[in-house]
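These are the residues of each chain, in order.
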Amino acid sequence: MRERVYFELGRWVPMSEKTPPEYGEYRVKRRGRGRMVYEDTLLWNGESFVTKRNCLTRAVNEWWEEAK
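For clarity, every value in this text was computed on a predicted model and none was experimentally measured.

(A) Spatial organisation of the side chain of Thr-57. Looking at the element boundaries, Thr-57 is found in strand E5 (residues 56-57). Separated by 3.2 Å, the side chain of Thr-57 and the backbone nitrogen of Ala-59 make a polar contact. The contacts of Thr-57, once residues within four sequence positions are left out, are Leu-42, Phe-49 and Thr-51.

Below is the structure:
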């Protein structure tokens, strides 16, 4: 049986290029221990990303920008 493949329109934007435009939840790729990279959903408060435990984080490498 074949698996369905869903294509998402958008791109991964590096934090060094630009920050998210408005408040809200974003899909991000963040650094873990060693060379690990995790995909997660974090809240952007306008200045930085906030974890689910309400801590500010600077471990975000990229965020997902949906195509319009």
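Having seen the structure, we can now continue with the description.
(B) Expanded view of the nonpolar core. In terms of nonpolar packing, the biggest core is built from eight residues, these being Val-13, Tyr-26, Val-28, Leu-42, Trp-44, Phe-49, Val-60 and Trp-63. Elements supplying a minimum of two residues to this core: strand E2 (24-31), strand E3 (37-44) and strand E6 (60-66). Among residues more than four places away in sequence, those in contact with Val-13 are Lys-18, Asn-61, Glu-62, Trp-63 and Glu-65.

Here is what the cut-offs are and how they apply
- Residues numbered from 1 in each chain as written.
- Predicted model: local features only at pLDDT ≥ 70, side-chain atom pairs only at ≥ 80, totals over all residues.
- Heavy atoms only, no water.
- Helix = DSSP H or I, 4+ residues; strand = E, 2+ residues; numbered from the N terminus.
- Polar contact = N/O pair within 3.5 Å; in protein donor to acceptor, adjacent residues only side chain to side chain.
- Contact = heavy atoms within 4.5 Å.
- Core = buried A, V, L, I, M, F, W, Y, C linked by side-chain atoms within 4.5 Å.
- Buried < 20%, exposed > 50% of the residue type's maximum accessible area, 1.4 Å probe, protein only.

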